[in-house]
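Given next are the chains, with one letter for each unit.
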Amino acid sequence: MLDKLILYFSHPFTQYALIVGVLIALCSSLLGVTLVLKRFSFIGDGLSHVAFGAMAIAAVVGLVDDMLIVMPITIIAAILLLWTGNNVKMKGDASLAMISVGALAIGYLLMNLFSPKSPNLAGDVCTTLFGSTSILTLTQGEVIVCAILSLIVVIAFILFYNRIFAVTFDESFAKAVGTKVNTFNLIIAIIIAVIIVLAMNLVGSLLVSALVIFPALSSMRIFKSFKSVTVCAAILSVLCAVIGIVLSILFGTPVGSTIVAVDIISFVVCAFIGKVGGR
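Residues numbered from 1 in each chain as written. Predicted model: local features only at pLDDT ≥ 70, side-chain atom pairs only at ≥ 80, totals over all residues. Heavy atoms only, no water.

(A) Representation of a nonpolar patch on the surface. A contiguous nonpolar surface patch, about 510 Å² in accessible area, is contributed by I265, V269, F272, I273 and V276. Along the chain, V269 falls in helix α14 (residues 255-276). (Patch = residues over 30% accessible without salt bridge, like charges linked within 9 Å, V, L, I, M, F, W, Y side chains within 5 Å. Areas by Shrake-Rupley, 256 points an atom, 1.4 Å probe, with all protein chains shown as cover. Salt bridge = Lys/Arg side-chain N within 4 Å of Asp/Glu carboxyl O. Helix = DSSP H or I, 4+ residues; strand = E, 2+ residues; numbered from the N terminus.)

Structural data, given as structure tokens:
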């Protein structure tokens, strides 16, 4: 196994996959705590379905770089979800269900209607939903784009950490002390959209929520403070991504599903530790 790992990691494509996997895992975990505490856990699912629909549109129009369509549409959807979540006529969970299911259906419909040349449409859809080996075929340019976007996400989170903390726990108090709650909710929504688009390359659109939610839930079993939970979630997420990628290489399993399985195991271990420690 060691010889196999050394052989694989001597190739640039494996190194690129590991770099991108670590960056995506780190970014995904940062806002996971905020989403769980704000009860927006399923927003990742909704946005990933929107991204799937956008990818279908990109495939129909023949765009080589689908990021040009996927990223803007996902960001717009995140803003719409934020706006409708505060709408008394349509609550956030209803709008989330409507947008996510609608985007998923339209995306699959478009791929069936306008992609007749694909020899394996079912396989294309399956790999998009559950992740594929695309993480192992990344180019240097794609790695650089992912690194730049990840750096922007991390810097934004660090710069606005105090505001995000305030908005997460008590929006009314934050608004009373002069914090621009709507602005920072908008920033959170945009960051989440960027994270979802990045994470889809790793685990697919249906499993993307696992990268966001599991590390946060695992950390909450052990720690109680916002900062401790966030730091622990970041560390756990990166470790699970690295272990998942290594295991997928060794045993030939799907990358995304393997990472999520490792995330589940880490949650069980953290829950046991928390139980023993009386947390």
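(B) Main features of the packing of helix α2 (residues 12-30) against helix α13 (residues 226-251). The contact between α2 and α13 brings their axes to 8 Å, and the two run at 150°. Regarding the angle of α2 to α13, the classification is roughly antiparallel. Both α2 and α13 take part in a crossing whose hand is right-handed. On the side of α2, the interface is formed by T14, A17, L18, G21, V22, A25, L26, S29 and L30, while α13 contributes T230, A233, A234, S237, V238, A241, V242, I245 and I249. By residue class, the composition of the contact of α2 with α13 is 13 nonpolar, five polar and no charged. (Axes fitted to C-alpha atoms, helices over the stretch in contact; angles between N-to-C directions. Parallel < 35°, antiparallel > 145°, perpendicular 65-115°, else oblique. Left-handed = near helix turned anticlockwise from the far one by under 90°. Contact = heavy atoms within 4.5 Å. Nonpolar A, V, L, I, M, F, W, Y, C, P; charged D, E, K, R; others polar.)

(C) Just the packing of helix α1 (residues 2-9) against α13, in detail. One can describe the packing of α1 onto α13 by two numbers: an axis separation of 10 Å at closest approach and a directional angle of 110°. For the element pair α1 / α13, the angle class is roughly perpendicular. Where α1 approaches α13, its residues K4, L5, Y8 and F9 are matched on the opposing element by V246, I249 and L250. The residue makeup of the contact of α1 with α13, split by class, is six nonpolar, no polar and one charged.

(D) Spotlight on the packing of aromatic side chains. In the structure shown here, the tally under the stated rule is seven aromatic pairs. Measuring from ring centre to ring centre gives 5.9 Å for F157 and Y161, while their planes differ by 70°; the resulting arrangement is edge-to-face. Residues F165 and F226 carry aromatic rings whose centres are separated by 5.2 Å and whose planes lie at 70° to one another, so their mutual orientation is edge-to-face. Taken together, the residues F165 in helix α9 (residues 161-169) and F226 in helix α13 connect sequence positions 61 residues apart. (Phe/Tyr/Trp six-rings, centres within 6.5 Å; stacked < 30°, edge-to-face > 60°.)

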